[in-house]
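Reading the structure
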Amino acid sequence: MGDTAASPAPAPDAVILAVENLEKRYGPGCESCLALTGPDHSTNVCPRCGSVTALRLISFDLREGEILGVVGESGSGKSTLVQCIYFDLDATGGRMRFDGQNDAADVTRLPRIEKRRLRGRLMGMVYQNPMRGLRLDITSGANVAEKLLEAEVFHFSRIRGRAQSLLDRTEIPASYIDWPPRTLSGGMQQRIQIAKALANNPPLLLLDEVTSGLDVSVQARVLDLIRELQREMGISMIVVSHDMGVIRLLADRTLVMKNGGIVEQGLTDQILEDPQHPYTQLLVHSTL
Amino acid sequence: MMIRCEGLSKHFLMHIREGTRIEAFRDVSFQLAPGEFLGIGGPSGAGKSSLLKCLYRTYLPSRGNVWYEDANGRTCNVATADEHEVLRLRRQEIGYISQFFPVIPRVSALDTIANSMVARGFPREAGLQRARELLERLAIPRALWQMSPSTFSGGEKQRINIIHGVIAQPRLLFLDEPTASLDSRSASEAISLIRELKSQGTAMIGVFHDMNVLRSLSDAVLMLERAAPAKDEH
């Protein structure tokens, strides 16, 4: 079809995060670990050395404004993946390149201070359990402020104002800013976590099973909030969930994980309607 | 040519059904220029919807190519293109009106439709304005405009679906039985909307149950036959 002169390719959306061969192993590891574990062997435990390979050869990239879903059953490595990206866990191999960096950095050689800087400037995280993401006995406002301090915002009135507007945006009543999260409902705690995760205006938000454990009406409101924030702020997200409904509603593309590895990745509608891998077929056909 | 499909085939391999192979359609070829309408006909089970889904990449084609020339004059093979490229084309150029509307819960009909235009870069006010015009034209009662389509009747949902697909003025539009659940008045209004879009240069590939409608819209008709039972071949 070369009958019209092609104009230059439109610039692709910026890559917010590129992950190459990310690996997380518990134990000494041996030469056989990768060959004898993973989806094809249905185990994470190396029969030779007993080490657990929680993540293996994970590679993907995430573009600006994109929502990437990660699905898989318990133990597949979904949470480990986002925790390694957020530097909650130290990956044992692989490279990552964040927006604005020229080269992918070896994650095992990143200094602690650099990890803290990347996390403070570029990422927000919302955990399934608010106890992990929040300090339940200090005020909601102080929880949000903590993230701002991590992002090196030190001016008191700016912090207070920003905390107020974030809590407002996530539909937490103004009077609750001085209440500790422990005194609030599960749905509200989750919204405070979201406010905290957004405090540094991150280009990348990681969401780990954020609606699990909430009842359906509360779940719906949290999902609506995430969708709205994505639309307004154009923020890129990695959404980990075992709930195909959540993935269908939120994700543009989806990774399917099993035994620490990616067995299939594709457009979310393709993964759900025309799954290729036997495991994905089982997963999709098991949903209610 | 805007789209050229060469030897496209699709079968499903059901690993969870002892590797059963189900053939959807085989060796489909056609080409289409801007403003043309290709009708897809054939009995149920012939793979009409599957063909549309393969062209949209909801299904992964098993074999063949789908060459698409985009608004910038660049050609890509949708059958194998990078997912980001497919997402870009869906966002900017290629639309799909299915039999069932994937409603987003708790978003009003008016916003759902307007957002479809906003996503293609139109100002929000223009989106709302045009959405109101079309809701009026397809006789959706005003009382429903601010409500979520998830509560609507089948026919109302389907009209929202059509408006949603048409309003974004895609370059290429796939239609899968868009008027099946509509009464004759709404159906003819919907068809005139589709005709208008076609006259503005949108290329379309459509499945219609009603052969008269199909013939009246189509510049060419491709008849699919029910696939032969699965054979041992690749």
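Criteria and thresholds
Residues numbered from 1 in each chain as written. Chains lettered and ligands numbered in written order. Predicted model: local features only at pLDDT ≥ 70, side-chain atom pairs only at ≥ 80, totals over all residues. Helix = DSSP H or I, 4+ residues; strand = E, 2+ residues; numbered from the N terminus. Rg over C-alpha atoms; globule rule 2.2 N^0.38 Å. Buried ≥ 20, exposed ≤ 12 C-beta atoms within 10 Å, placed from the backbone. Contact = placed C-beta atoms within 7 Å. Domains from an automatic or database assignment. Nonpolar A, V, L, I, M, F, W, Y, C, P; charged D, E, K, R; others polar. Pairing = 2+ DSSP bridges. pLDDT = per-residue confidence, 0-100. Axes fitted to C-alpha atoms, helices over the stretch in contact; angles between N-to-C directions. Parallel < 35°, antiparallel > 145°, perpendicular 65-115°, else oblique. Left-handed = near helix turned anticlockwise from the far one by under 90°. Right-handed = clockwise from strand over helix to strand, strands pointing away.

**As for the overall build of chain A**
A count of helical and extended segments in chain A gives eleven helices and ten strands. Computed over its C-alpha atoms, the radius of gyration of chain A comes to 20 Å, within 12% of the 19 Å expected for a compact globule of 288 residues. Along the first, second and third principal axes, the C-alpha atoms of chain A reach 60 × 55 × 45 Å. Put simply, chain A has 288 residues, and 45% of those count as buried. Restricting the contact set of chain A to residue pairs at least 6 apart, pairs at least 24 apart contribute 66%.

**Digging into helix 5 (residues 140-150) of chain A**
All names here are of chain A. What helix 5 keeps buried is the set S140, G141, N143, V144, A145, K147 and L148. On its buried face, helix 5 is in contact with helix 6 (156-169) and helix 7 (186-198). E152 sits one or two residues past helix 5 and shows a positive phi near 70 degrees.

**Looking at the domain arrangement of chain B**
Residue and element names in this part refer to chain B. In terms of domains, chain B is made up of domain 1 (1-92 + 171-234) and domain 2 (94-169). A separation of 23 Å is found between the C-alpha centroids of domain 1 and domain 2. Taken together, the contact between domain 1 and domain 2 spans 22 residues of the former and 19 residues of the latter. Mapped onto the side of domain 1 that touches domain 2, the elements with two or more residues apiece are helix 2 (83-92), strand 7 (172-176) and helix 6 (184-199).

**Some details on the interface of chain B and chain A**
Frequently, the measure chosen for interface size is the accessible area removed from exposure when the parts meet. Of the residues lining the interface, 21 residues belong to chain B; the matching set on chain A comes to 24 residues. Among the elements of the structure, strand 1 (3-14), strand 4 (63-69) and helix 2 of chain B are those that each provide at least two residues to the side of chain B that touches chain A. At four residues, the largest contribution of residues to the side of chain B that touches chain A is made by helix 2 of chain B. Considered class by class, the residues forming the side of chain B that touches chain A number nine nonpolar, six polar and six charged.

**Comments concerning the pairing of strand 2 (residues 20-32) of chain B**
Summarising the sheet, strand 1 of chain B and strand 2 of chain B pair through nine bridges and their orientation is antiparallel. Of the residues in strand 2 of chain B, the one forming a bridge with B:I3 is B:L32.

**Brief notes about the environment of B:R17**
Its place among the elements puts B:R17 in the loop between strand 1 and strand 2. For the pair formed by B:R17 and B:S153, sequence separation is 136 residues and the distance between their alpha carbons is 36 Å.

**Focus: unusual backbone geometry**
All names here are of chain A. For L57, which is not glycine, the phi torsion reads 45 degrees and is therefore positive. Within the element layout of this structure, L57 appears in strand 2 (residues 52-63). Unlike most non-glycine residues, F87 shows phi in positive territory, near 65 degrees. Considering the arrangement of structural elements, one finds F87 in the loop between helix 2 (78-85) and strand 4 (93-98).

**Focus: the confidence of the model for chain B**
Put simply, chain B has an average pLDDT of 91, and 97% of its residues get 70 or more. Per-residue pLDDT stays below 50 along residues 230-234 of chain B; that stretch engages in three contacts with residues further than four places along the chain or on separate chains.

**As for the sheet that holds strand 6 (residues 123-126) of chain A**
Residues and elements named next belong to chain A. Reading across from one edge, 6-7-8-3-9-10 is the order of the six strands in this open sheet, with mixed pairing throughout. Each edge of the sheet is formed by a strand with only one pairing partner; in this case those strands are strand 6 and strand 10 (261-267). Across this sheet, the average inter-strand angle for adjacent strands is 15 degrees, counted without regard to direction. Here six bridges tie strand 9 (residues 253-258) to strand 10, and the two strands are oriented antiparallel to one another. Bridge pairing in strand 10 places V256 opposite E264.

**A word on the sheet that holds strand 3 (residues 37-41) of chain B**
In any sheet, the strands associate via hydrogen bonds between backbone groups, in a parallel or an antiparallel arrangement. Residue and element names in this part refer to chain B. One open sheet accounts for five strands, arranged 6-7-8-3-9; its pairing is parallel. On the outer flanks of this sheet lie strand 6 (94-97) and strand 9 (220-223), each paired with one strand and no other. Across the sheet, the mean angle separating the axes of adjacent strands is 15 degrees when strand polarity is ignored. The pairing of strand 3 with strand 8 (residues 203-207) spans four bridges and is parallel. Bridge assignment links L38 to a residue of strand 8, and that residue is I205.

**A few points about the packing of helix 5 of chain A against helix 6 of chain A**
All names here are of chain A. Contact geometry for helix 5 and helix 6: axes closest at 9 Å, N-to-C directions at 115 degrees. As far as their axial angle goes, helix 6 and helix 5 are roughly perpendicular. Two packed elements cross with a definite hand, and for helix 5 against helix 6 that hand is right-handed. Between helix 5 and helix 6, the contacting residues are S140, G141, V144, A145 and L148 on the first element and I159, R160, R162, A163, L166 and L167 on the second.

**Let's talk about the pairing of strand 8 (residues 236-240) of chain A**
Taken residue by residue, a regular strand's side chains alternate between the two faces of the sheet. Residue and element names in this part refer to chain A. Here strand 8 lies mainly inside the structure; five of its five residues are buried. The alternating pattern of strand 8 places S236, I238 and V240 on one face and M237 and V239 on the opposite face, and all of these are buried. By the bridge criterion, four bridges tie strand 3 (residues 67-71) to strand 8 in an arrangement that is parallel. What sits directly across from V70, in strand 8, is V240. Of the strand pairs in this sheet, strand 7 (residues 204-208) and strand 8 are connected by five bridges, and their pairing is parallel. From the neighbouring strand, L204 faces strand 8, where its bridge partner is S236. You can see the chain leave strand 7, run along helix 8 (residues 216-233) and come back into strand 8, and the turn it takes is right-handed.

**What to know about the environment of A:L225**
Residues and elements named next belong to chain A. Counting through the fold element by element, L225 comes out in helix 8. When the C-alpha atoms of L225 and T211 are compared, they prove to be 12 Å apart, with 14 residues separating the residues in sequence. When near neighbours in sequence (up to four residues on either side) are disregarded, L225 contacts T170, E171, R191 and I194.

**Concerning the environment of B:I140**
All names here are of chain B. Assignment of secondary structure puts I140 in the loop between helix 4 (124-137) and helix 5 (154-167). You can call I140 buried: it has 23 C-beta atoms within 10 Å. Sequence separation between I140 and G155 is 15 residues; the distance between their C-alpha atoms is 9.9 Å. Beyond its immediate chain neighbours, meaning those up to four positions away, I140 contacts A109, L135, W145, E156 and R159.

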